[in-house]
2 protein chains.
Amino acid sequence: MPQQSPLDLPEGDPFGPHNLPYGVFSTVEDPGRRRIGVRFGDHVLDAAGAARALGSAHAELLDQPLLNPLLAAGRPVWTAVRAELRDWLTAPAHRAAVEPHLIPLSGVELHLPFEVADYVDFYASEHHATNVGRIFRPEGEALTPNWKHLPIGYHGRAGTVVVSGTPVIRPLGQRMPAGAQAPEFGPSRRLDIEAEVGFVVGTPSALGDRVPLEAFREHVFGVTLLNDWSARDIQSWEYRPLGPFLGKSFATSVSAWVTPLDALDAARTEPPARDFALLDYLDDSAVEPGGLDIRIEVAVNGHVVARPPFSAMYWTAAQQLAHMTVNGASLRTGDLFASGTVSGPEPEQRGCLLELTWSGRDPLELPEGKRTFLEDGDEVVLTAWAPGPDGSRVTLGEVAGRIAPAV
Amino acid sequence: MPQQSPLDLPEGDPFGPHNLPYGVFSTVEDPGRRRIGVRFGDHVLDAAGAARALGSAHAELLDQPLLNPLLAAGRPVWTAVRAELRDWLTAPAHRAAVEPHLIPLSGVELHLPFEVADYVDFYASEHHATNVGRIFRPEGEALTPNWKHLPIGYHGRAGTVVVSGTPVIRPLGQRMPAGAQAPEFGPSRRLDIEAEVGFVVGTPSALGDRVPLEAFREHVFGVTLLNDWSARDIQSWEYRPLGPFLGKSFATSVSAWVTPLDALDAARTEPPARDFALLDYLDDSAVEPGGLDIRIEVAVNGHVVARPPFSAMYWTAAQQLAHMTVNGASLRTGDLFASGTVSGPEPEQRGCLLELTWSGRDPLELPEGKRTFLEDGDEVVLTAWAPGPDGSRVTLGEVAGRIAPAV
């Protein structure tokens, strides 16, 4: 039986021509040379190699060690490159030219696909914010009075965004045990995950400009899964009054693959009904649906512990972008903003261990033992898919990370 | 009378050979070419031009449009370059070679001197934090329980750090008037300044490493003045529970000049006595004094409204750096971290209008009228000096900004 071509994908492969996420790879043979790759089935297309072979005008834009120049090129170029890629990978006339540029995934190393400019993390799930409010501030209202009037967000550390697969070293820090007179210092005892979706900005904006809801697709290139690792003991002691800092800044993991927004057109969905009228710049009742039907799975050591639905998010990414720039703050190519923990209304839809175990009160029962928070050696993998065209699925790049002991 | 050489500085010039701050400039004749400059009196030394003329091995490192490569080169190179510059600018043998590379300040434009990686803002003045706590949270303790155990900080927006002289556009945003049922939207009515000192990181650190107090000088290249513009009405509505976001992210101004740490050796001073024993990684009782005797002046439309003393800061920059990395967060070249508002114990030493006017209750009386917060057209200039060697003064680069109307 002749070997099958990697161009002959099985029907319905979630990394087929309707998906085509971008990443940056190097090969085992040439580890120092990072290049843009496009995932196709279980292979990576060397995008610049194929572009040269086929005489594309975009060869130079694709012959880069980071996605940033492509991100900066803007939506017309994103559309043109995506159409070319689809043509190269599906037209019989191109088979002979393209096939040599498809490399098995097993032969490549994947790298952080873009240089992160600013990283912002939102807090857009009503279910998550309500649960966290009940746990952290049992004395007060679960949601702060501003929560349904604006998408709450804060800046995180761009320099510690790492690619899927990077070990996560357990952070040291201060914690204040209940009833103690002074804080203790040591490795975090409440190391958690947050399952999120991240949005990658391509087209920048000028200082003083606002990006209205309608301009979302002009500025945002695509999405990644994101794990906003969180040390709850450090966070709960430090966060008043200026917000999370060291409880989050030790690592944030993103997928190696950035899924173009265009691949998610069939996943668009209406966000939940809003409980308050929104100010004009956030009122999305007259624009295209801003929700995305992305179904996430959270696995700890191979066991699925939660299935958070992204469609349940109260605030959309377009609202987050409009809010983030309403004060005139500029966008840069490579800005990354994340949704905040994705949690649905059901207990098994909660996107972090703080909620899943109710702050440790209700441990998870895994085959290898109970878990309240993460132990050294635990591996967390986030996966997700969304509806694609004609009943297909679009799989997002996974985000994996294993906990290494504190050093 | 022969024209005086710019190399013949008056005795005691605060930009003499004991100071030598670095910036990036272009000339009126060649506006597209940004280069590293070193301020000397009222002139700018074209550093690469002088280095070439004198055959320095550092010519290439200095022939750059940003300071980042010099910042990344590390302390031994910083020391060597500073010694060369001092030699070029003071040794009679070099006069003829150096003089052509001195350009009057009036003939240059100054630019943002380095690309900012991550920007972190601390909250290190006990006087400021106490005043703000009293104003924003009158019902509770002025200082949160963590305040004297760790230097509280948060990440700000690196992409909106701008150089002195950049107009500051009044931000739009949400505010919640007292007693209202829903937020309003419009230009901020409580636009404020925060007079701060910023620290510029040169030498990076690896993910997982901690930077102890003793390693401060290995990693930090120098200081700038910094104005953390703040929209108090936006901030007070948005900041619970995740901290400041749009109330700060519209602009942060820094000096065009980065003063090397070496120029501030004579300004080192003991920080205030601490009220609680500190955890080991913050305990600076056995290291060199971490305080800096920098005297700041805040002027609004040319009238000095405050004189905040940096020596009064509770937490030092070395403690801030040790804290910021104690969880293993890595440093990148170009990281900028700021002190937080500098306020002293006296009313006229307060570094923001929120404190100076007690949230608008006690307006400032300026010749052009009363001021609670900033009006369109107002110009704020921060200046500062520190003791230099042998009774001299080291003047820091000023930070100026004028308020432009909301657009």
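Thresholds, definitions, all that
Residue positions are given per chain, counting from 1 as you read along its sequence in written order. All chains are assigned letters beginning at A, and all ligands numbers beginning at 1, according to the order in which they are written. Given that the model is predicted, a residue must reach a pLDDT of at least 70 before its local features are reported, and side-chain atom pairs must reach 80 or more before they are shown or counted; all residues, however, enter totals for whole chains, interfaces and linings. Remark: hydrogens and water are excluded; side-chain values derive from all non-hydrogen atoms of the structure. The term salt bridge refers to a side-chain nitrogen of Lys or Arg lying within 4 Å of a carboxyl oxygen of Asp or Glu. Labels follow the DSSP assignment, with helices taken as runs of H or I lasting at least four residues and strands as runs of E lasting at least two, numbered in each case from the N terminus. Only protein chains enter the area calculation, which uses a 1.4 Å probe; residues under 20% of their type maximum are buried, those over 50% are exposed, and those in between are partly exposed. Charged-residue counts in this description rest on Lys and Arg as positive and Asp and Glu as negative, His and the chain ends being excluded. Polar contact is the term for a pair of N or O atoms within 3.5 Å; when the atoms are in protein, one must be able to donate a hydrogen and the other to accept it, and sequence-neighboring residues count only if both atoms are side-chain atoms. Note on definitions: a residue-residue contact is assigned when non-hydrogen atoms from the two residues lie within 4.5 Å. Two strands form a pair only when DSSP identifies at least two bridges running between them. Axis definition: a line fit to C-alpha positions, over the contact stretch in the case of helices; interaxial angles, taken between N-to-C directions, run 0 to 180 degrees. The superposition of copies rests on a least-squares fit of C-alpha positions from residues with pLDDT of 70 or more in both.

Visitor: Please give an account of the pattern of salt bridges that cites residues and values.
Guide: A side chain of one charge can pair with a side chain of the opposite charge if their charged atoms are brought near each other. Residues and elements named next belong to chain A. Enumeration over the complete set of coordinates arrives at 56 salt bridges over all chains. Between Arg-170 and Asp-376 there is a salt bridge, with its nearest N and O atoms 2.7 Å apart. Linking Arg-170 in the loop between strand S9 (168–169) and strand S10 (172–175) with Asp-376 in the loop between strand S24 (369–371) and strand S25 (379–387), this pair joins segments that are 206 residues apart in sequence. Under the relative-accessibility criterion, Asp-376 is labelled partly exposed at 41%. Connected through salt bridges with shared partners, the residues Asp-192, Glu-194, Asp-228, Arg-232 and Lys-248 form a single ionic network.

Visitor: Please set out the side chain of B:Glu196 residue by residue, giving values where relevant.
Guide: All names here are of chain B. Mapped onto the fold, Glu-196 is located in strand S13 (residues 195–201). Despite its burial, Glu-196 pairs with no opposite charge; the closest candidate is Lys-248, at 5.4 Å N-O. At a separation of 3.0 Å, a polar atom in the side chain of Glu-196 contacts the main-chain amide nitrogen of Gly-340. Sequence-distant contacts of Glu-196, that is, excluding residues within four places in its chain, are made with Asp-121, Thr-224, Leu-225, Leu-226, Asp-228, Ala-338, Ser-339, Gly-340, Thr-341, Val-342 and Leu-382.

Visitor: For the sheet that holds strand S3 (residues 43–46) of chain B, give the residues involved together with the corresponding values.
Guide: Backbone-to-backbone hydrogen bonds pair the strands of a sheet. The strands run either parallel or antiparallel. Residues and elements named next belong to chain B. On the basis of which strands lie adjacent, the open sheet formed by 5 strands has the order S4-S3-S2-S1-S5 and antiparallel pairing. The sheet terminates laterally at strand S4 (102–104) and strand S5 (108–111), the two strands that pair on one side only. The sheet shows a mean angle of 50° between the axes of neighbouring strands, taken without regard to direction. Examined bridge by bridge, strand S2 (residues 35–40) and S3 share 4 bridges and lie antiparallel to one another. Looking at the pairing, Phe-40 lines up with His-43 of S3.

Visitor: Account for the relation of the copies chain A and chain B, naming residues and giving values.
Guide: With an RMSD of 0.0 Å, chain A superimposes on chain B once it is rotated by 180° and translated 0.0 Å along the axis. What the superposition gives is, in effect, a two-fold axis relating one chain to the other. Across chain A, the rotation axis passes nearest the C-alpha of A:Gly243, at a separation of 2.1 Å. Both copies present the same face, since 100% of the interface residues in chain A are matched by interface residues at the equivalent positions in chain B.

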